[in-house]
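One letter stands for each residue in the lines below.
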Amino acid sequence: MVESKILEIIRRRHSVRSYLERPIEEEKLLAILEAARLAPSASNSQPWHFYVVRDKDKIDALAGKMPLGSQLIANSFIAQAPVVVVATAGPLSFLTRIASFVVNKKWYYLDLGIALEHMALAACELGLGSCWIGWFDQEKVRRLLALPAGEEVIAFLTLGYPSDPAVPPKQRKELKAVVKYV
Ligand SMILES: Cc1cc2nc3c(=O)[nH]c(=O)nc-3n(C[C@H](O)[C@H](O)[C@H](O)COP(=O)(O)O)c2cc1C
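Parameters at a glance
- Residues numbered from 1 in each chain as written.
- Predicted model: local features only at pLDDT ≥ 70, side-chain atom pairs only at ≥ 80, totals over all residues.
- Heavy atoms only, no water.
- Near = heavy atom within 4 Å.
- Polar contact = N/O pair within 3.5 Å; in protein donor to acceptor, adjacent residues only side chain to side chain.
- Areas by Shrake-Rupley, 256 points an atom, 1.4 Å probe, with all protein chains shown as cover.
- Nonpolar A, V, L, I, M, F, W, Y, C, P; charged D, E, K, R; others polar.
- Helix = DSSP H or I, 4+ residues; strand = E, 2+ residues; numbered from the N terminus.
- Buried < 20%, exposed > 50% of the residue type's maximum accessible area, 1.4 Å probe, protein only.
- Contact = heavy atoms within 4.5 Å.
- Axes fitted to C-alpha atoms, helices over the stretch in contact; angles between N-to-C directions.
- Parallel < 35°, antiparallel > 145°, perpendicular 65-115°, else oblique.

Looking now at the site of the ligand. Near the ligand lie 13 residues; those nearest to it are S15, R17, N75, G134 and R172. Between a nitrogen atom of the ligand and a main-chain N or O atom of W132, the distance comes to 3.3 Å. Burial of the ligand by the surrounding chains reaches 60%, relative to a free accessible area of 620 Å². Each residue belonging to the shell around the ligand can be placed in one class, and the counts come to five nonpolar, four polar and four charged.

What follows deals with the side chain of T88. The residue T88 is located in strand β2 (residues 83-89) in this model. For T88, a relative accessible area of 0% corresponds to the buried category. At a separation of 2.6 Å, a polar atom in the side chain of T88 contacts the side chain of E151. Those residues in contact with T88 that sit more than four places away from it in its chain are P47, W48, H49, Y51, L112, L147, E151, E152, V153 and I154.

Packed helices, taken two at a time, are described by the angle their axes make and the gap between the axes. Across the interface, helix α3 (residues 56-64) lies against helix α7 (residues 138-145) with an axial gap of 10 Å and an inter-helix angle of 170 degrees. Put simply, α3 runs roughly antiparallel to α7. Counted together, K58, A61 and L62 of α3 and V141, L144 and L145 of α7 form the full contact between these two elements. In the contact of α3 with α7, the residues fall into five nonpolar, no polar and one charged.

Geometry only, nothing functional implied.
Laid out in structure tokens, this is it:
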């Protein structure tokens, strides 16, 4: 297989759920946000907002703002992250809503997914770890961050220096199990 720099970063990126206390340099954070800003989106609608949470009390509260039971599952580790980016979509333009309706697809979920993964990959290249968070309580997060009406929280990304530099092996299906040449 041809090797490439981006493929190497994709291989190295993994969910990091334990962070050092070390803060993230401002310029690194800006580069990560820039990677999100440059992401493609349906009709170039850029339906996103990224709320950068650095306040310890707010991060602790985010770690606690999960639906019943999730603390027991995993997400209390959010409290260790020096930065959490809360990504929202909306309000959607008339054109985006019409296009979504016509094809029956919520493009903004894809748009936000691409932008967040851009951030995760940029973070990895800069030596930072990240973890996607999809398991949260929408209403509680909205209230905590006083989010405007018309924005939906899609996911968070925790960011920070990993406490363990090791890259675990990928648990993935084989290429031949998921690709068909037709
Ligand atoms: C949309 C989405 C939501 C996720 N939500 C959570 C979450 O709430 N908590 C968590 O610990 N990991 C979460 N993850 C991380 C996945 O569990 C992880 O990406 C997957 O197991 C593959 O492992 P890797 O990221 O280390 O390659 C989420 C990932 C995605 C893409």
